[in-house]
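Residue strings, one per chain:
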Amino acid sequence: MDSSAPTLLLSLIAFVFGSMLGSFLNVCIVRLPKNESIVRLPSHCPSCKAQIPFYQNIPLVSYLFLRGRCRFCAERISPRYFFVELLMGILAVALLFRFGLSAAFFVNLVFVAALVVVSFIDLDVQIVPNVISLPGIGLGFLASVAQYPWPADSLSIPPSPLSSFIGILIGGGFLWLVARIYEFFTGTEGMGGGDVKLLAMIGAFLGWPSIPLTLFFASVSGSVIGVFLMVRAGACGKYAIPFGPFLCLGALFYLFLGRIVLQFYLPAG
Ligand SMILES: [Zn+2]
């Protein structure tokens, strides 16, 4: 790491900021599929509905302090709350090292937050919510315009507006085409429209070169985990695993490592 690496203090601030954002994302993960307001209701225990005062709602610390149980009814609180807060803290620090304290840091923090919310909602209820993916497509494109001009090469993040636009078209178009072909041959709907909009959002934020690598990594990790789950469950026949979380994983892979991987294949770029 060179001398421009973020200081320990800045990293710590990013971690705390990220885990606080994670705390908010936990609320979104629970409430968005139910069409509940994410700002109006104060935090409450999902089991006994007791309100949680703000001083007991400290990311990570509260969960450990209460040993994962509600203070009022002692019901177990899902470890997901802790995990999402920790994950967002770590991702915020990783983005700080990737982009420094820049506009790209904040833009991609929003992007990563959207990926985390989409992943956990998809795992929960097998839906990629339009309320995230559709504004995400617009926001990703606007961010590429707002940060223009950028150091010009096609692999940079944020992408150029043109790369973002092509990313939306290819990202949305490719999965849409795959879904139609699958439907044509099997007569059943294999891939949801939610995944199509999700990959379009990824293309908007990361530019078109991200699409093949995201798809590749999503397919590989999805197959490995899918086979593992099928063997473990001894399942025969259809076994539905949401593809959204793997697309998100693939996008994260590209965000942090894509440039290195692609430059390996395109040394002239
Ligand atoms: Zn409770």
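Residues numbered from 1 in each chain as written. Predicted model: local features only at pLDDT ≥ 70, side-chain atom pairs only at ≥ 80, totals over all residues. Heavy atoms only, no water.

Enquirer: Got a minute to help me understand the overall build of the chain in this structure?
Expert: On a plain count of helices and strands, the chain comes out with 9 helices and 0 strands. Along the chain direction, N to C, the helices and strands of the chain fall in the order α-α-α-α-α-α-α-α-α. Along the first, second and third principal axes, the C-alpha atoms of the chain reach 60 × 55 × 35 Å. By residue count, 42% of the 269 residues in the chain fall in the buried class. Restricting the contact set of the chain to residue pairs at least 6 apart, pairs at least 24 apart contribute 71%. Carbon and sulfur atoms make up 71% of the accessible area of the chain, which amounts to about 14,800 Å² in all. Averaging the locations of the 15 positively and 10 negatively charged side chains of the chain gives two centres separated by 9 Å. (Helix = DSSP H or I, 4+ residues; strand = E, 2+ residues; numbered from the N terminus. Buried < 20%, exposed > 50% of the residue type's maximum accessible area, 1.4 Å probe, protein only. Contact = heavy atoms within 4.5 Å. Areas by Shrake-Rupley, 256 points an atom, 1.4 Å probe, with all protein chains shown as cover. Lys, Arg positive; Asp, Glu negative; His and termini not counted. Charge placed at Lys NZ, Arg CZ, Asp CG, Glu CD.)

Enquirer: Honestly, the coordination of the zinc ion in this entry has me stumped. Any pointers?
Expert: Around a metal, the ideal angle is 109.5 degrees if four donors adopt a tetrahedral arrangement and 90 or 180 degrees if six donors adopt an octahedral arrangement. Taken together, the protein ligands of the zinc ion are Cys45 (SG), Cys48 (SG), Cys70 (SG) and Cys73 (SG), with distances of 2.3 to 2.4 Å. Mapped onto the sequence, the residues coordinating the zinc ion show the spacing C-x2-C-x21-C-x2-C. Linking Cys45 in the loop between α1 (8-31) and α2 (61-65) with Cys70 in the loop between α2 and α3 (79-99), this pair joins segments that are 25 residues apart in sequence. An identical accessibility class is assigned to Cys45 and Cys70; each is buried. (Donors = N, O, S within 2.8 Å, 3.2 Å for Na, K, Ca; no water.)

Enquirer: Please explain the environment of Val110 as it appears in this structure.
Expert: As for its position among the elements, Val110 is in helix α4 (residues 103-125). What makes Val110 partly exposed here is its relative accessible area of 45%. Spatially, the C-alpha atoms of Val110 and Leu21 are 9.7 Å apart, while their sequence positions differ by 89 residues.

Enquirer: Explain the nonpolar core here, please?
Expert: Nonpolar side chains tend to gather and get buried jointly when the protein is soluble and globular. Core analysis: the largest hydrophobic core is formed by 54 residues, its most contacted members being Leu115, Leu198, Ile202 and Leu206. Contributing elements (two or more residues each) for this core: α1, α3, α4, α5 (130-146), α6 (161-186), α7 (193-206), α8 (210-233) and α9 (244-265). Ranked by residues supplied to this core, first place goes to α4 with 13 residues. With sequence-adjacent residues up to four places away left out, Leu115 is seen in contact with Leu198, Met201, Ile202, Cys248, Ala251 and Leu252. (Core = buried A, V, L, I, M, F, W, Y, C linked by side-chain atoms within 4.5 Å.)

Enquirer: Even after reading the chapter, I still don't get the packing of aromatic side chains, so can you show me in this structure?
Expert: Tallied over the full model, the rule gives 7 aromatic pairs. Relative to Phe205, the ring of Phe111 lies with its centre 4.6 Å away and its plane at 25°, an arrangement referred to as stacked. Of this pair, Phe111 sits in helix α4 while Phe205 sits in helix α7, placing them 94 residues apart in sequence. Residue Phe111 shares its accessibility class with Phe205, and that shared class is buried. Ring centres 5.2 Å apart and planes at 90° place the aromatic pair Phe184 and Phe185 in the edge-to-face group. The class of Phe185 is exposed, set by a relative accessible area of 67%. (Phe/Tyr/Trp six-rings, centres within 6.5 Å; stacked < 30°, edge-to-face > 60°.)

Enquirer: How do you make sense of α6 when you look at a structure like this?
Expert: Residues lying three or four places apart along an α-helix face the same way, a consequence of the helix completing one turn every 3.6 residues. Look at α6: 37 Å from first C-alpha to last across 26 residues, which is about the 38 Å you get at 1.5 Å a residue. What α6 keeps buried is the set Pro161, Ser163, Ser164, Gly167, Ile168, Gly171, Gly172, Leu175 and Ala179. Positive phi shows up at Gly187, right after α6, with a value of about 75°. (Expected span 1.5 Å × (residues − 1).)

Enquirer: It is not clear to me how α4 should be interpreted in this structure. Could you clarify?
Expert: Compared with the 33 Å implied by 1.5 Å per residue over 23 residues, the 33 Å span of α4 between its first and last C-alpha is a close match. Phi turns positive one or two residues past the end of α4, at Gln126, with a value near 55°.

Enquirer: Before we go on, may I ask you to explain the environment of Leu142 in this structure?
Expert: Looking at the element boundaries, Leu142 is found in helix α5. Judged by relative accessible area, which is 54%, Leu142 ranks as exposed. Sequence spacing of Leu142 and Gly18 is 124 residues, and the spatial spacing of their C-alpha atoms is 23 Å.

Read these as spatial facts, not as claims about activity.
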